[in-house]
Amino acid sequence: MTRPGSSADLVVELEAVDKWYGDYHALRRVTLGVARGERVAICGPSGSGKSTLIRCVNGLERHQRGTIRVDGIALDAAGAGLAAVRRRTGMVFQNFNLFPHLTVLDNLTLGPIYAGGEPAAAAEARALALLDRVGIADQKDKFPGQISGGQQQRVAIARALMREPAVMLFDEPTSSLDPERVQEVLAVMEELAQAGMTMLVVTHEMGFMRRVADLVVFMDQGEIVEAAPPELFFTAPRTDRARAFLGQVMHL
Ligand SMILES: Nc1ncnc2c1ncn2[C@@H]1O[C@H](COP(=O)(O)OP(=O)(O)OP(=O)(O)O)[C@@H](O)[C@H]1O
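By the naming in an unreviewed UniProt entry, the protein goes by General L-amino acid transport system ATP-binding protein and is assigned to Stella humosa. Per UniProt, the protein has the following entry under Sequence similarities (unreviewed entry): "Belongs to the ABC transporter superfamily."

Surveying the vicinity of the ligand reveals the residues Tyr21, Tyr24, Pro45, Ser46, Gly47, Ser48, Gly49, Lys50, Ser51, Thr52 and Glu172. In this structure, an oxygen atom belonging to the ligand sits 3.0 Å away from a main-chain N or O atom of Gly49. One nitrogen or oxygen atom from the main chain of Ser51 is found 2.9 Å from an oxygen atom belonging to the ligand. Here the ligand, which alone exposes 640 Å², has 59% of that area covered by the protein. Counted by class, the shell around the ligand contains 3 nonpolar, 6 polar and 2 charged residues.

Here we come to the state of the cysteines. Within the structure shown, the criterion is met by 0 disulfides. With no disulfide partner, Cys43 has as its closest neighbouring cysteine sulfur the one in Cys56, 19 Å distant. Note on Cys43: relative accessible area 0%, which makes it buried.

On to the sheet that holds strand β5 (residues 73-74), then. On the basis of which strands lie adjacent, the open sheet formed by 4 strands has the order β2-β1-β4-β5 and antiparallel pairing. Of all the strands in the sheet, the pair left with one neighbour each is β2 (24-35) and β5. By the bridge criterion, 8 bridges tie strand β1 (residues 10-21) to β2 in an arrangement that is antiparallel. Bridge pairing in β2 places Leu14 opposite Leu32.

Right, let's talk about the environment of Asp214 for a bit. Tracing the backbone shows Asp214 in the loop between α7 (206-212) and β9 (215-220). For the pair Asp214 and Phe234, spaced 20 residues apart in sequence, the C-alpha separation works out to 13 Å. Polar side-chain contacts of Asp214 include one of 2.7 Å to the backbone nitrogen of Arg39.

Moving on, we come to the UniProt feature "domain: ABC transporter" (unreviewed entry) in the protein. When the UniProt feature table is mapped onto this chain, "domain: ABC transporter" (unreviewed entry) is found at residues 12-246. Its end C-alpha atoms 27 Å apart, residues 12-246 is made of 38% helix and 26% strand.

This part covers the pairing of strand β8 (residues 199-202). Residues Met199 and Val201 line one face of β8 and the alternating positions Leu200 and Val202 line the opposite face, and both faces are buried. Summarising the sheet, strand β3 (residues 39-43) and β8 pair through 4 bridges and their orientation is parallel. The residue of β8 that forms the bridge with Val40 is Leu200. The sheet contact formed by strand β7 (residues 167-171) and β8 spans 4 bridges and is parallel. In the strand pairing of β8, Met168 is matched with Met199. Crossover handedness for the path β7 to helix α6 (residues 179-194) to β8: right-handed.

About the criteria used
Residues numbered from 1 in each chain as written. Predicted model: local features only at pLDDT ≥ 70, side-chain atom pairs only at ≥ 80, totals over all residues. Heavy atoms only, no water. UniProt positions renumbered as here; feature names shortened; annotations may be inferred. Near = heavy atom within 4 Å. Polar contact = N/O pair within 3.5 Å; in protein donor to acceptor, adjacent residues only side chain to side chain. Areas by Shrake-Rupley, 256 points an atom, 1.4 Å probe, with all protein chains shown as cover. Nonpolar A, V, L, I, M, F, W, Y, C, P; charged D, E, K, R; others polar. Disulfide = S-S within 2.5 Å. Buried < 20%, exposed > 50% of the residue type's maximum accessible area, 1.4 Å probe, protein only. Pairing = 2+ DSSP bridges. Helix = DSSP H or I, 4+ residues; strand = E, 2+ residues; numbered from the N terminus. Right-handed = clockwise from strand over helix to strand, strands pointing away.

The following block contains the structure:
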């Protein structure tokens, strides 16, 4: 839940975070906490700052004001703590971002072996176990272009898990998939949630939010407008802005 100032074991903490792109104020005093093992979903209209928020959490974008901490490490506005925070976060993007010239297996092992110094045999054993966990161990020698979008996204999830992250960040992970491929990725995400993974997920998937999220955060114009458990947010939104958004996406 959003509990600024509480003593909960927070893996992600944002306090009064502001972010500008030039003159454009993209995040406005955003305060949010994600406790260990908690699943927080972020929704809101296009351009409301959802991607910006999640990209600030792992330092892909820099905030200018306020505090961001991941697993207790401060990512201050000048960028200190960046490498340590990156090691503790696994990021899954809309467009998979796999290396097209590497096999599925090599996509998982490249970072740990060459950047992390892990012995190749150990990295491969971990990679095979994770590919098995996401149901695509049999595709390990294929290249990304030879497998479906849903399979590519499952590879991307397995690659992010190679870091043994304290939190998994998902930025609209099913938005670029064919409709028949969406469920296979959501099923992997649900399995992660059941296993206790801490997750911060930008998504438009209402069913996923209802089933999996502990907290739904609704953003509009760079602000967190509401933060509530899904059963409350979807049935009794408190603000006109949230009601208008839900009316559009759920055709109420
Ligand atoms: N690199 C950038 N430079 C300038 N403006 C940007 C940049 N990235 C995002 N913006 C602007 O910041 C605002 C928030 O963008 P952001 O991508 O965070 O929104 P979003 O809620 O994730 O939208 P969507 O659902 O369409 O992905 C938008 O108005 C966008 O045009």
